[in-house]
Amino acid sequence: MLVMGGIVGSGIFINPYVVARQVGTPVLILAAWALGGVIALAGAFIYAELATRMPEVGGQYAYLREAYHPAVAFLYGWVLLLVIQTGGMAAVAVTFAAYFRELAGPALPAPAIAVAVLAALAIVNCLGVRTGSSVQSTLMLLKILAIAALIAGGAWFLFGASRSAAPPVAPAGTTPLGTVRALAVAMVPVLFAYGGWQTANFVAGEIREPRRNLPRALVLGVVGVIVLYLGVNYVCVAVLGPAGLAATTTPASAVMERAFGRRGSQWIALGIAISALGFLSQSILTAPRVYFAMARDGLFFRSVGWIDPRRRVPTVAILLQAAMAIVIALSGRYDQILSYVVSMDFLFFGLTATCLFRFRRRAAGSGQDSRLPLLARVPGHPVTTALFTVVSWLVVVSTIVKYPRDTAVGFAILAAGVPVYLVWSRRKRRDAAP
């Protein structure tokens, strides 16, 4: 539930139309989502092995610290707090607010709803890991039901309606090279929709038997999402046709409205709101462990590393992240934020994958590798690990080319973390001096 909850947000209900506009045939649309699933599964295997080798709180932060340098790990935590996690949370909170207003009426302004839901989920997760994980599991089950309802609604329409096939959209390029380029562009929203499985590694130190349970959760969770995503895209293409899918910005609502009328679109609006809520709950549960680890390393405010002695959660870290997400949600710059969220996220995806090369080299000859469980070994390493790294960085290049100004903001925030790290590291050395 933790892994699937980190992946499934509101994107799968919306992004299919973005892909259809780039590649206009059913085969290419489904191929893009299948390829995205394969890449996500490769990433899940990489992170499963990393978690087995180092089952520590902080996930990516811990891997980058041990493989390279505390400065690299700090910069990851820095952009996670200021860009990646909080920016994504702010955008999803606003998505939730929009659908909530559609269901409940415009009595409250969207920013107020977004702030309220972020604050409420932060408080829930401050009550303890068990409480937070129980809420997360419940919301994930409801998300699965919403996706299953969408797939079932599409199947109901296909079974009961006689319709002529919609004409395909012409792909962006008529030559093989043009088709490849269109598919490459389409992969950006696909890979973004598949992202999020890595956040389960943030809480590795709080999972029972992490060397056994976390690899299973990563691999099986990603496989489950691949099945759901392919099912959604199949019914979207089958019900709406490639042209109809490319023409609507709300494909899930369009499918359900065809199947069940206005009531169907209201049902899926509720499902999307719940899905957004589940993503926010997972984000608030997992990512604060990174800021906690930074504080414990002496590279952040000491209070952020404080653990509630009764509930055993990093309360200050949770509240800090929620406060940052609220500030961004109130700023109103969601489109810009999402542009550089992608570039920063995939920059560190690729860099974290390279940690596996260093860890394997260190473990060579010790016999440790032979004792790793099957699910915690990356199939086809080093080729598959290298390919995942290259694909991640190609996504970064693609976002730089398409959104140069927005991604420049993300890299500027990353660069601003360098002097901040120098200040904290100097303070750490001073405090450690006799």
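Residues numbered from 1 in each chain as written. Predicted model: local features only at pLDDT ≥ 70, side-chain atom pairs only at ≥ 80, totals over all residues. Heavy atoms only, no water.

What follows covers the overall build of the chain. Looking only at helices and strands, the chain features 17 helices and 0 strands. In summary, the chain has a C-alpha radius of gyration of 22 Å against a globular reference of 22 Å for 434 residues, a match within 12%. Judged by the C-alpha coordinates and their principal axes, the chain covers about 80 × 55 × 40 Å. Pairs at least 24 residues apart make up 82% of the contacts formed inside the chain by residues separated by at least 6 positions. Of the accessible surface of the chain, which amounts to about 18,100 Å², a share of 68% is contributed by carbon and sulfur atoms. (Helix = DSSP H or I, 4+ residues; strand = E, 2+ residues; numbered from the N terminus. Rg over C-alpha atoms; globule rule 2.2 N^0.38 Å. Contact = heavy atoms within 4.5 Å. Areas by Shrake-Rupley, 256 points an atom, 1.4 Å probe, with all protein chains shown as cover.)

Side-chain pairs of opposite charge can arise whenever the charged atoms involved come near each other. Under the criterion given, the structure shown has 5 salt bridges. Between arginine 360 and glutamate 49 there is a salt bridge; the shortest N-O distance is 2.8 Å. Here glutamate 49 lies in helix 4 (residues 26-53) and arginine 360 lies in helix 15 (residues 334-363), a separation of 311 residues in the sequence. The partner of glutamate 66 in a salt bridge is arginine 65, and the shortest N-O contact between them spans 2.9 Å. Overlapping salt bridges bring together Glu49, Arg53 and Arg360 as one network. (Salt bridge = Lys/Arg side-chain N within 4 Å of Asp/Glu carboxyl O.)

Another aspect to go through is unusual backbone geometry. Omega for the bond connecting histidine 381 with proline 382 falls within 30 degrees of zero, at 10°, which places this linkage in the cis form. With respect to the helices and strands, the residue proline 382 is situated in the loop between helix 15 and helix 16 (383-402).

On to helix 10 (residues 210-247), then. Think of an α-helix as turning once every 3.6 residues; residues three or four places apart then point the same way. With 38 residues, helix 10 ought to run about 56 Å at 1.5 Å a step, yet its terminal C-alpha atoms sit only 45 Å apart, falling short of that. Most pronounced at glycine 241, the bend in helix 10 amounts to some 100°, and the proline proline 242 follows within four residues. (Expected span 1.5 Å × (residues − 1). Bend = angle between axes of the 7 residues up to and from the residue.)

Further remarks concern helix 13 (residues 288-296). Buried residues dominate helix 13, accounting for 8 of its 9 residues. Buried residues of helix 13: Pro288, Arg289, Val290, Tyr291, Phe292, Ala293, Met294 and Ala295, and no others. Structurally, helix 13 contributes buried residues whose contacts are with helix 5 (60-67), helix 6 (70-104), helix 8 (129-160), helix 12 (262-286) and helix 14 (315-331). Positive phi shows up at glycine 298, right after helix 13, with a value of about 80°. (Buried < 20%, exposed > 50% of the residue type's maximum accessible area, 1.4 Å probe, protein only.)

In this section: the environment of leucine 351. Residue position: leucine 351 is located in helix 15. Each C-alpha atom, one on leucine 351 and one on valine 72, is 9.7 Å from the other, the two residues being 279 residues apart in sequence.

Next up on the list: the environment of glycine 58. Counting through the fold element by element, glycine 58 comes out in the loop between helix 4 and helix 5. The spacing of glycine 58 and methionine 294 is 236 residues in sequence and 8.4 Å in space, taken between C-alpha atoms. If we ignore the near neighbours within four places in the chain, the residues touching glycine 58 are Asn201, Phe202, Arg289, Val290 and Ala293.

Tracing the backbone shows alanine 363 in helix 15. Looking at alanine 363, the relative accessible area reads 5%, which means it is buried. For alanine 363 and arginine 53, which are 310 residues apart along the polypeptide, the C-alpha to C-alpha distance reads 9.5 Å.

This structure, assessed with the given rule, holds 17 aromatic pairs. Summarising the aromatic geometry, the rings of tryptophan 33 and tyrosine 194 are spaced 6.1 Å apart at their centres and angled 55° between planes, so their arrangement reads as tilted. Of this pair, tryptophan 33 sits in helix 4 while tyrosine 194 sits in helix 9 (residues 176-194); the two residues are 161 residues apart in sequence, bridging distant segments of the chain. Across this residue pair, the class does not change: tryptophan 33 and tyrosine 194 are buried. Cluster of aromatic residues (ring-pair linked, three or more members): Tyr47, Trp197, Phe346, Phe349 and Phe388. (Phe/Tyr/Trp six-rings, centres within 6.5 Å; stacked < 30°, edge-to-face > 60°.)

On the surface, a cluster of nonpolar side chains totalling about 380 Å² of accessible area is made up of Trp156, Phe260 and Trp267. When you line up the elements, phenylalanine 260 lands in helix 11 (residues 251-260). (Patch = residues over 30% accessible without salt bridge, like charges linked within 9 Å, V, L, I, M, F, W, Y side chains within 5 Å.)

A word on the packing of helix 4 against helix 10. Taken N-terminus to C-terminus, the directions of helix 4 and helix 10 make an angle of 170°; their axes are 9 Å apart at the nearest point. With respect to helix 10, the element helix 4 is oriented roughly antiparallel. Tallied by class, residues from the contact of helix 4 with helix 10 come to 26 nonpolar, 3 polar and 2 charged. (Axes fitted to C-alpha atoms, helices over the stretch in contact; angles between N-to-C directions. Parallel < 35°, antiparallel > 145°, perpendicular 65-115°, else oblique. Nonpolar A, V, L, I, M, F, W, Y, C, P; charged D, E, K, R; others polar.)

Attention shifts here to the nonpolar core. Judged by nonpolar contacts, the single largest core of 137 residues is most densely connected at Phe13, Trp33, Trp197, Tyr229 and Tyr291. For this core, the element with the most residues is helix 6, which contributes 17 residues. Sequence-distant contacts of tyrosine 229, defined by excluding residues within four places in its chain, comprise Ile7, Val8, Ile12, Trp33, Ala193 and Tyr194. (Core = buried A, V, L, I, M, F, W, Y, C linked by side-chain atoms within 4.5 Å.)

A few words on the packing of helix 6 against helix 13. At their nearest, the axes of helix 6 and helix 13 sit 10 Å apart, and the two run at 145° to each other. For the pair helix 6 and helix 13, the crossing hand works out as left-handed. Within the contact between the two elements, helix 6 uses Phe74, Gly77, Trp78, Leu80, Leu81 and Gln85 and helix 13 uses Val290, Tyr291 and Met294. For the contact of helix 6 with helix 13, the class distribution of residues is 7 nonpolar, 2 polar and no charged. (Left-handed = near helix turned anticlockwise from the far one by under 90°.)

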